[in-house]
Amino acid sequence: AACARRRRASDAPWSLDWDERRHRVSVSGSRGEEAIEVVVARGDSQTTKTFRSFVVAWRPEGDAKAAYEAHTKRPHDGNAEELRLFFDEAGGDARAPSRPGLIHCTLPTRVKAPTPKSHLDGPFLLSVDRHTLDARHPWNAALLERGLGELLAKLLDWAARRARKNAAETGSAAAPAEAVLRDAYARLPVLVRSPEGRLTTTVAGAPISLARLDDALRRDALLPVLPIGR
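Procedures and definitions
- Residues numbered from 1 in each chain as written.
- Predicted model: local features only at pLDDT ≥ 70, side-chain atom pairs only at ≥ 80, totals over all residues.
- Heavy atoms only, no water.
- Salt bridge = Lys/Arg side-chain N within 4 Å of Asp/Glu carboxyl O.
- Helix = DSSP H or I, 4+ residues; strand = E, 2+ residues; numbered from the N terminus.
- Buried < 20%, exposed > 50% of the residue type's maximum accessible area, 1.4 Å probe, protein only.
- Pairing = 2+ DSSP bridges.
- Axes fitted to C-alpha atoms, helices over the stretch in contact; angles between N-to-C directions.
- Polar contact = N/O pair within 3.5 Å; in protein donor to acceptor, adjacent residues only side chain to side chain.
- Phe/Tyr/Trp six-rings, centres within 6.5 Å; stacked < 30°, edge-to-face > 60°.
- Lys NZ or Arg CZ within 6 Å of the ring centre and 35° of its normal.
- Contact = heavy atoms within 4.5 Å.

Attention shifts here to the pattern of salt bridges. All told, the structure shown has 15 salt bridges when counted by the stated rule. Note that Arg 212 and Glu 150 form a salt bridge whose closest N and O atoms lie 3.2 Å from each other. Of the two residues, Arg 212 sits in helix 4 (residues 211–219) while Glu 150 sits in helix 2 (residues 138–168), which places them 62 residues apart along the sequence. Taking relative accessible area as the criterion, Glu 150 reaches 27% and is therefore assigned partly exposed. Put simply, Arg 187 and Asp 183 hold a salt bridge, and the shortest N to O gap is 3.1 Å. Since its relative accessible area comes to 14%, Asp 183 is described here as buried.

Below, the structure written as structure tokens:
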């Protein structure tokens, strides 16, 4: 995600030499969905990984913008900020024990992401040592509340479309629809419905509203259902 974060999907592949390895990165996709291919070469050997990434943009204003400027002691540049959910598509069997993802601010922090097997990357305001963050800080809270629910809706929408496509391709080598959906659901955070009816999850000890996910679940065909009469 750090490699692809500021690249547009239309950009040509690019390379980064790091830790005696050459990383060749290519990004494809549109409408907030990306496939990021990273080819890592060292000597005569190379490995390839493909990451699935979902992106939402948010233009800060009000209390969040003021909190950012107070924390950084500089004005916000007015550009949109991006929050990204990403994971390795070859991340293993969804039935295996889930490993926690991490929250990134370009580089990883020590804060667990709420999404198992998936990572969050965004312009969070961190502690001085860059290891932790305060999810109750107005900037961090606004970034999470504006973005996390929508990212999870994008994940479910992508999984639903992929499952339908794979189910229609009888005899193909694509993953069965059941496996696609199981993997996507395994990446969801712990969801809590408050007595007032709000859908929330917890990030770094703070409750975060997932209103945008709740709206999408009510509005869009994100979950599989049996045909009427079955």
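Taken together, 8 strands build an open sheet; the order of strands is 1-2-3-4-5-8-6-7 and the sheet is mixed. Edge strands, defined here as strands with exactly one partner in the open sheet, are strand 1 (14–18) and strand 7 (107–116). Recorded for the sheet is a direction-independent mean angle of 30° between the axes of neighbouring strands. When strand 2 (residues 21–30) meets strand 3 (residues 33–42), the two strands line up antiparallel, connected through 9 bridges. The partner of Ser 28 across the bridge, within strand 3, is Ala 35.

Here strand 1 runs beside strand 2; their pairing, made up of 5 bridges, is antiparallel. The residue of strand 2 that forms the bridge with Trp 18 is Arg 21. Hairpin connection, strand 2 to strand 3: the antiparallel pair is bridged by 2 residues, and Arg 31 has positive phi, about 55°.

Its location among the elements puts Lys 117 in the loop between strand 7 and strand 8 (119–121). Exposure remark for Lys 117: the relative accessible area of 15% places this residue in the buried category. Among the polar contacts made by the side chain of Lys 117, one reaches the side chain of Asp 183 at a distance of 3.4 Å.

Now for the packing of aromatic side chains. The relative placement of two aromatic rings is captured by the distance of their centres and the angle of their planes. Throughout the structure, instances matching the rule amount to 5 aromatic pairs. Above the plane of the ring of Phe 87 lies Arg 187, whose end atom (NZ or CZ) is 3.8 Å from the centre.

The 3 strands are arranged 9-10-11 in an open sheet whose pairing can be described as antiparallel. Looking at which strands have only one partner, the edges of the open sheet turn out to be strand 9 (192–193) and strand 11 (206–209). Strand direction decides the pairing type here: strand 10 (residues 199–203) and strand 11, joined by 4 bridges, are antiparallel. Among the inter-strand pairings, Val 203 is bridged to a residue of strand 11, identified as Ala 206. Sheet strands in contact with helix 2 are strand 10 and strand 11, and its direction is about 55° off that of strand 11. Where helix 4 meets the sheet, it contacts strand 9, strand 10 and strand 11, and its direction lies at approximately 140° from that of strand 10.

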